[in-house]
Amino acid sequence: MKFYDELQKQRWDDHRFYHHNRINQFLHLLSACCFLASYVLVFYYPAAAALVGWLLAMTLRQTGHFFFEPKTYDQVNQATHEHKESVKVGYNLQRKVVLLSIWALIPVILFFEPSFFGMMQEHTEVMGFINNMAMIWLVVGFGAVIFRTVHLFKIMGVQSGLVWFTKILTDPFHDIKIYHKSVYHLMKGEMYDDMTDWYEDTPKTS
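Residues numbered from 1 in each chain as written. Predicted model: local features only at pLDDT ≥ 70, side-chain atom pairs only at ≥ 80, totals over all residues. Heavy atoms only, no water.

(A) Representation of unusual backbone geometry. A positive phi angle is found at Phe-116, which is not glycine, with a value near 50°. Tracing the backbone through its elements, the reader meets Phe-116 in the loop between helix H5 (93–112) and helix H6 (126–155). The class for Phe-116 is buried, based on a relative accessible area of 13%. The phi torsion at Met-195 lies on the positive side, around 65°, for a residue other than glycine. With relative accessibility at 9%, the residue Met-195 sits in the buried group. (Helix = DSSP H or I, 4+ residues; strand = E, 2+ residues; numbered from the N terminus. Buried < 20%, exposed > 50% of the residue type's maximum accessible area, 1.4 Å probe, protein only.)

As structure tokens, then:
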């Protein structure tokens, strides 16, 4: 499969398996806008980029997945939740729990270890604590993407890993493209997407 075809397939699978709920889609739209702000901020204020990325973008995104997306049998795709979790290329819900647990533990560890085991200058005020926490969150975010990419190199091949890496980086742009009508659908009372109006052609599977 060519790079672009695999990218389209990963995007399609992610959408059809994990984005049925229109509220989830709307939260992804908001999250995408926040991530784009982070993309700009990272070149000027890295700590602010991390705060926007984790506290706003990731919180909105994962709220949609954990609280609004159905975990029952998927009639549209004829698949169980367990099956979808097993074939998820990136971070499935179980992996996200691990990642979010690490994220949540960072402030606790930093509170008791102000220098973060000698890796950072100790904070002496609240703003110093927030800046150190944000910078560690930034490293965790980048590290999570790199770690999974390298892992995919091993289990699925280099191209699949690079495709997923590309997908993750471009997801904010793509989410805006495909979910910008989510509010319109919600106002019409359409709570779930029937997956018939995203692509004109279903992405190739081989």
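Having put the structure on the table, let's press on.
(B) Region of interest: the packing of aromatic side chains. Evaluation of the coordinates by the stated rule reveals 6 aromatic pairs. Ring centres of Trp-54 and Trp-103 lie 5.6 Å apart, and the angle between their planes is 10°; this geometry places the pair in the stacked category. In this pair, Trp-54 sits in helix H3 (residues 46–68) while Trp-103 sits in helix H5, placing the two residues 49 residues apart along the sequence. Each member of the pair, Trp-54 together with Trp-103, is buried. With a centroid separation of 5.6 Å and 65° between ring planes, the pair formed by Phe-116 and Phe-117 is classed as edge-to-face. (Phe/Tyr/Trp six-rings, centres within 6.5 Å; stacked < 30°, edge-to-face > 60°.)

(C) Molecular detail of H3. Look at H3: 31 Å from first C-alpha to last across 23 residues, which is about the 33 Å you get at 1.5 Å a residue. The largest bend in H3 amounts to roughly 35° and is located at Met-58. For H3, every residue scored as buried is listed here: Ala-47, Ala-49, Ala-50, Val-52, Gly-53, Trp-54, Ala-57, Met-58, Arg-61, Gln-62, Gly-64 and His-65. Packed against the buried residues of H3 are helix H1 (3–18), helix H2 (22–41), H5, H6 and helix H7 (158–179). (Expected span 1.5 Å × (residues − 1). Bend = angle between axes of the 7 residues up to and from the residue. Contact = heavy atoms within 4.5 Å.)

Limitation: the analysis is restricted to geometry and does not speak to function.
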